[in-house]
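Single-letter residue listing:
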Amino acid sequence: MAVGLLGRKVGMTQVTDETGRSVPVTVIEAGPCTVLQIRTMARDGYEAVQMGFRDKPRRLAIRAERGHVAVLSSKRSKAKAEAKIEPVAKANCEPQRYVREFRTDAKDQPVEVGAKLTVELFKDVPALDVIGMIKGRGTAGAMKAHGFHGLSASHGVQRAHRSQGSVGSHAADRGHSGKIKKGKLMSTRWGNERVTIRNLKLVRIDAENNLLLVRGAIPGPNGGYVMVRKANKLK
Amino acid sequence: MAETKKEPKKDLMKLVENSSIRAERLEFEIGDTVDVHTRILEGDKERIQKFTGVVIARRGSGTRENFIVRRIVNGEGVERIFPMNSPKISKLEVVRHGQVRRAKLFFLRDRLGKATRLVERRPARKQA
């Protein structure tokens, strides 16, 4: 796994490719992202790179967030200095709004705390994975939530066209209790969860404006934050 | 999460879309009879096909803008929808200006023969 970028979904449109065909694309404003912290096996038990996207106004940032990105003077830091404990490297930037980690391993190019990563990272990359939160749908019926087919539109079905149908019989696997099986799929709260869309073709990189154009849709609303990485299960 | 900046979205979209919008706009109006020259690939040869008809509608915006051209072939109405920004449209010529009073000429679909004719409009007068 390699380092990716954090970004914001701008919206969808269509562009024409070199053969003159229209391609449906999602515009992602990605980076520049600041490397905030490096997670190491020795210190944290796993290897990862923590990155931040978008400055957060200082009035919204709590002291912990400011101390995470820059050196703040505190009793504790003074005590640590006296005890000759080496201070942790800080990125020396504004507090960041969207902070996420990318797992890394030994094969990856090492990055340093404070480095700025831009869309140049994805040069010569054919496809991307995009990770984001899909829109919440609230309580959704069985058809939307689980892809059930519902009941027939005709043949005497009355007011139950989108129903899930029967949920079990008197004896359904639970002795004679007449209870429904555990885990039976029914209508439920759906959406607002993390989703990875894999292998989205990278149509264009606009380095000047920090834009990525990927073919197809990505999770979340326009303006929602997403993680972007090189596709790790390339077709 | 609300963005504090003033609508950065629209500008970014425009930046992207401008790359796919033709440099010279196609000049025509609703009701015009036009020749649309389209490039088509046959095998590995390219040739130009002409589609002549009346522009009856125009819709969409940005890269998605398109227009509908209607003509009668062998007594059968044929309509083709052209994307305004398709690079496959090599040329568009206005043959005749039609005088119309609405933006969508769907009423032509219900008409046959002579009734489909539109009154010719004089070329736009120059401002004195």
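Visitor: Give me the lowdown on the overall build of chain A, citing residues and values where you can.
Guide: Each helix and strand in chain A was counted, giving 4 helices and 12 strands. A compact globule built from 235 residues should have a C-alpha radius of gyration of about 18 Å, whereas chain A, at 24 Å, is more than 25% larger. Dimensions of chain A, computed from the C-alpha atoms along their principal axes, are close to 80 × 55 × 40 Å. Looking at chain A as a whole, 35% of its 235 residues qualify as buried. Accessible surface for chain A amounts to roughly 14400 Å². Of this, 50% is attributable to carbon and sulfur atoms. Taken together, the 43 basic and 21 acidic charged side chains of chain A have centroids lying 11 Å from each other.

Visitor: So what's going on with the domain arrangement of chain A? Which residues, and what values?
Guide: The domain architecture assigned to chain A consists of domain 1 (5-137 + 194-230) and domain 2 (138-164 + 184-190). Placing a centre on the C-alpha atoms of domain 1 of chain A and another on those of domain 2 of chain A gives a separation of 39 Å.

Visitor: Give me the lowdown on the sheet that holds strand β11 (residues 211-215) of chain A, citing residues and values where you can.
Guide: Note on sheets: strands pair through backbone hydrogen bonds, and any given pair is parallel or antiparallel. Residues and elements named next belong to chain A. Read once around its circumference, the closed barrel built from 6 strands follows the order β1-β2-β11-β10-β7-β12, with strand pairing classed as antiparallel. Taken pair by pair, the neighbouring strands of this sheet meet at an average axis angle of 45 degrees, ignoring direction. Summarising the sheet, strand β1 (residues 5-16) and strand β12 (residues 225-230) pair through 4 bridges and their orientation is antiparallel. Residue pairing across strands places G7 opposite V226, the latter belonging to β12.

Visitor: Could you give an account of the confidence of the model for chain B, naming the residues involved and the relevant values?
Guide: All names here are of chain B. In this model, chain B carries a mean pLDDT of 84, and residues with pLDDT of at least 70 account for 88%. Highest mean pLDDT in chain B belongs to strand β3 (residues 66-73) (93); lowest belongs to helix α1 (residues 8-18) (73). As scored by the predictor, the complex reaches a pTM of 0.81 and an ipTM of 0.72.

Visitor: Tell me what's going on with the side chain of N210 of chain A, and back it up with residues and numbers.
Guide: For N210 of chain A, the position within the fold is in the loop between β10 (194-206) and β11. With residues near it in sequence (within four places) discarded, N210 of chain A still touches I28, E29, A30, G31, P32, T118 and V119 of chain A.

Visitor: Before we move on, could you go through the layout of surface pockets and cite the residues and values that matter?
Guide: Residues and elements named next belong to chain A. Considered as a void within the structure, the largest pocket measures approximately 550 Å³ in volume. As for the largest pocket, its lining consists of 19 residues, and the residues nearest its centre are G67, S77, K80, V88 and K90. Where the lining of the largest pocket is concerned, the elements lending two or more residues are β3 (33-39), α2 (63-69) and α3 (75-82).

Visitor: Tell me about the pairing of strand β2 (residues 22-30) of chain A, residues and numbers included.
Guide: All names here are of chain A. With respect to burial, β2 is a largely interior element, 7 of its 9 residues being buried. The sheet contact formed by β1 and β2 spans 9 bridges and is antiparallel. Paired with Q14 across the two strands is P24, which belongs to β2. Connecting β1 to the antiparallel partner β2 that follows it, the hairpin turn spans 5 residues, and G20 within it adopts a positive phi of roughly 95 degrees. Where β2 meets β11, 5 bridges bridge the pair, whose relative direction is antiparallel. By the bridge assignment, T26 is partnered in β11 with V214.

Visitor: Kindly report on the pairing of β10 of chain A, identifying the contributing residues and their values.
Guide: All names here are of chain A. As defined by bridge partners, strand β7 (residues 127-133) adjoins β10 across 6 bridges and the pair is classed as antiparallel. Pairing of V130 across the sheet is with I197, part of β10. Relative to β11, β10 runs antiparallel, the two being bridged by 4 bridges. The residue of β11 that forms the bridge with L202 is V214.

Visitor: An account of empty space enclosed by the protein is needed here, citing residue identities and associated values.
Guide: Overall, the coordinates contain 1 cavity of 30 Å³ or more when judged by the stated rule. Its volume calculated, the largest cavity comes out at about 60 Å³. If you trace the largest cavity, you find it lined by Q14, V15, T16 and S22 of chain A together with S20, T63, P83, N85 and S86 of chain B. In terms of residues, the lining of the largest cavity owes the most to one element, β1 of chain A, which gives 3 residues. For the lining of the largest cavity, the per-class residue count stands at 2 nonpolar, 7 polar and no charged.

Visitor: Which residues make up the side chain of T33 of chain B, and what values go with them?
Guide: Tracing the backbone shows T33 of chain B in strand β1 (residues 33-42). Excluding its chain neighbours within four sequence positions, the residues that come into contact with T33 of chain B are T52, G53, V54, E93, V94, V95 and R96 of chain B.

Visitor: Could you give an account of the environment of R189 of chain A, with specific residues and numbers?
Guide: All names here are of chain A. Within the secondary structure layout, R189 lies in strand β9 (residues 188-190). Of the residues examined, R189 reaches a relative accessible area of 72% and is grouped as exposed. Remark: the alpha-carbon pair of R189 and A145, spanning 44 residues in sequence, is separated by 8.1 Å. When neighbours within four sequence positions are excluded, R189 is seen to be in contact with G138 and T139.

Visitor: Let's hear about the pattern of salt bridges: which residues, and what values?
Guide: All names here are of chain A. In the structure shown here, the tally under the stated rule is 19 salt bridges over all chains. The partner of E94 in a salt bridge is R58, with the nearest N and O atoms 2.8 Å apart. One end of the pair, E94, is in the loop between α3 and β5 (96-103); the other, R58, is in the loop between β4 (48-55) and α2, with 36 residues separating them in the sequence. When its relative accessible area of 54% is taken as the criterion, R58 is described as exposed. The network of salt bridges with shared partners includes R39, R43, D44 and E101.

What counts and how
- Residues numbered from 1 in each chain as written.
- Chains lettered and ligands numbered in written order.
- Predicted model: local features only at pLDDT ≥ 70, side-chain atom pairs only at ≥ 80, totals over all residues.
- Heavy atoms only, no water.
- Helix = DSSP H or I, 4+ residues; strand = E, 2+ residues; numbered from the N terminus.
- Rg over C-alpha atoms; globule rule 2.2 N^0.38 Å.
- Buried < 20%, exposed > 50% of the residue type's maximum accessible area, 1.4 Å probe, protein only.
- Areas by Shrake-Rupley, 256 points an atom, 1.4 Å probe, with all protein chains shown as cover.
- Lys, Arg positive; Asp, Glu negative; His and termini not counted.
- Charge placed at Lys NZ, Arg CZ, Asp CG, Glu CD.
- Domains from an automatic or database assignment.
- Pairing = 2+ DSSP bridges.
- Axes fitted to C-alpha atoms, helices over the stretch in contact; angles between N-to-C directions.
- pLDDT = per-residue confidence, 0-100.
- Contact = heavy atoms within 4.5 Å.
- 1 Å grid on protein atoms, 1.4 Å probe; cavity = no way out; pocket = protein on both sides within 12 Å on 5 of 7 lines; lining within 4 Å.
- Points joined across faces, edges and corners; volume = space filled by probe spheres on them.
- Nonpolar A, V, L, I, M, F, W, Y, C, P; charged D, E, K, R; others polar.
- Salt bridge = Lys/Arg side-chain N within 4 Å of Asp/Glu carboxyl O.

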